[in-house]
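One-letter residues, chain by chain:
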Amino acid sequence: MLKRFSISLEEKLLAEFDRFIALRTYSNRSEAIRDLIRKGFVQEAWEADKEVAGVITLVYDHHRYQLQEKITELQHELHHHIISSMHVHMDHDNCLEVIVVRGKARKVQNLAEQLIALRGVKDGHLSMSSTGDHLR
Ligand code: NI
């Protein structure tokens, strides 16, 4: 059920908000505000070490000695936290690996940091998202 409430904002802040939501192609302010609130909840879940989900993206050098093995080994050590992974052979030298993870925020973050810090990993990101459980 939807509940309505009103928000008071300074004129300048509202103008900035309208510019912000127009750039992101929101059709109305309510949807934009709902998303911002949910973003806050996702951030809170990560900070409070709750059960979260996310995606680790790695671009790495295919020719680096034993790098592929180290990446696989780390994932096996934390296999309970790995939902799925996809390996793409980008070109002759580079691999792209996308790893979908789930678990306590700190564990997941720690795994991402270890993978990203490996020698030969050229680019790495952790996209922090949610299991969806607390996002209604
Ligand atoms: Ni590859």
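Rules and cut-offs
Residues numbered from 1 in each chain as written. Predicted model: local features only at pLDDT ≥ 70, side-chain atom pairs only at ≥ 80, totals over all residues. Heavy atoms only, no water. Helix = DSSP H or I, 4+ residues; strand = E, 2+ residues; numbered from the N terminus. Donors = N, O, S within 2.8 Å, 3.2 Å for Na, K, Ca; no water. Buried < 20%, exposed > 50% of the residue type's maximum accessible area, 1.4 Å probe, protein only. 1 Å grid on protein atoms, 1.4 Å probe; cavity = no way out; pocket = protein on both sides within 12 Å on 5 of 7 lines; lining within 4 Å. Points joined across faces, edges and corners; volume = space filled by probe spheres on them. Lys, Arg positive; Asp, Glu negative; His and termini not counted. Salt bridge = Lys/Arg side-chain N within 4 Å of Asp/Glu carboxyl O. Polar contact = N/O pair within 3.5 Å; in protein donor to acceptor, adjacent residues only side chain to side chain. Contact = heavy atoms within 4.5 Å. Domains from an automatic or database assignment. Buried area = accessible area lost by both parts, 1.4 Å probe. Nonpolar A, V, L, I, M, F, W, Y, C, P; charged D, E, K, R; others polar. Phe/Tyr/Trp six-rings, centres within 6.5 Å; stacked < 30°, edge-to-face > 60°.

1. Regarding unusual backbone geometry
Of note, the phi angle at Asp-49 is positive, near 55°, even though the residue is not glycine. With respect to the helices, strands and loops of the structure, Asp-49 is situated in the loop between α2 (29-47) and β1 (51-61). Of note in this structure, Gln-66 is not a glycine but carries a positive phi near 60°. Checked against the element boundaries, Gln-66 lands in the loop between β1 and α3 (67-77).

2. Considerations on the coordination of the nickel ion
In this structure, His-87 (NE2), His-89 (ND1) and Cys-95 (SG) serve as the protein donors to the nickel ion, at separations of 2.1 to 2.4 Å. When the donors of the nickel ion are listed by position in the chain, the intervening gaps give H-x1-H-x5-C. For His-87, a relative accessible area of 28% puts it in the partly exposed group. Exposure remark for His-89: the relative accessible area of 63% places this residue in the exposed category.

3. Concerning the layout of surface pockets
Of the pockets and cavities examined, the largest pocket occupies roughly 630 Å³. Around the largest pocket, the lining comprises 19 residues; the ones closest to its centre are Phe-5, Ile-7, Ser-30, Ile-33 and Arg-34. Mapped by element, the contributors of at least two residues to the lining of the largest pocket are α1 (11-23) and α2. For the lining of the largest pocket, the leading source of residues is α2, giving seven residues.

4. Topic: the side chain of Glu-97
By secondary structure assignment, the location of Glu-97 is in strand β3 (residues 94-104). In this structure, Glu-97 is buried with no salt-bridge partner, the nearest side chain bearing the opposite charge being Lys-122 at 14 Å. Within the structure, Glu-97 has its side chain in polar contact with the side chain of Gln-75 (distance 2.9 Å). Here His-87 takes part through its side chain, which lies 2.9 Å from a polar atom of the side chain of Glu-97. Aside from chain neighbours lying at most four places away, what touches Glu-97 is Ile-56, Thr-57, Leu-58, Tyr-60, Gln-68, Ile-71, Gln-75, Met-86 and His-87.

5. Observations regarding the domain arrangement of the protein
By domain assignment, the protein separates into domain 1 (11-47) and domain 2 (51-130). Computed over C-alpha atoms only, the centres of domain 1 and domain 2 are separated by 30 Å. In this assembly, four residues from domain 1 lie in contact with 10 residues from domain 2. Here domain 1 packs against domain 2, burying approximately 500 Å² in sum over the two surfaces, 75% of which is carbon and sulfur. Counting the surface domain 1 buries against domain 2, the share from its top three residues, Val-42, Ala-45 and Trp-46, is 94%. Of the residues that constitute the side of domain 1 that touches domain 2, the class distribution is three nonpolar, no polar and one charged.

6. Examining the packing of aromatic side chains
Evaluation of the coordinates by the stated rule reveals one aromatic pair. Here Phe-17 and Phe-20 contribute two aromatic rings whose centre-to-centre distance is 6.2 Å and whose plane-to-plane angle is 15°, an arrangement assigned as stacked. Residue Phe-17 and its partner Phe-20 are located together in helix α1, separated by three residues, close to a single helical turn.

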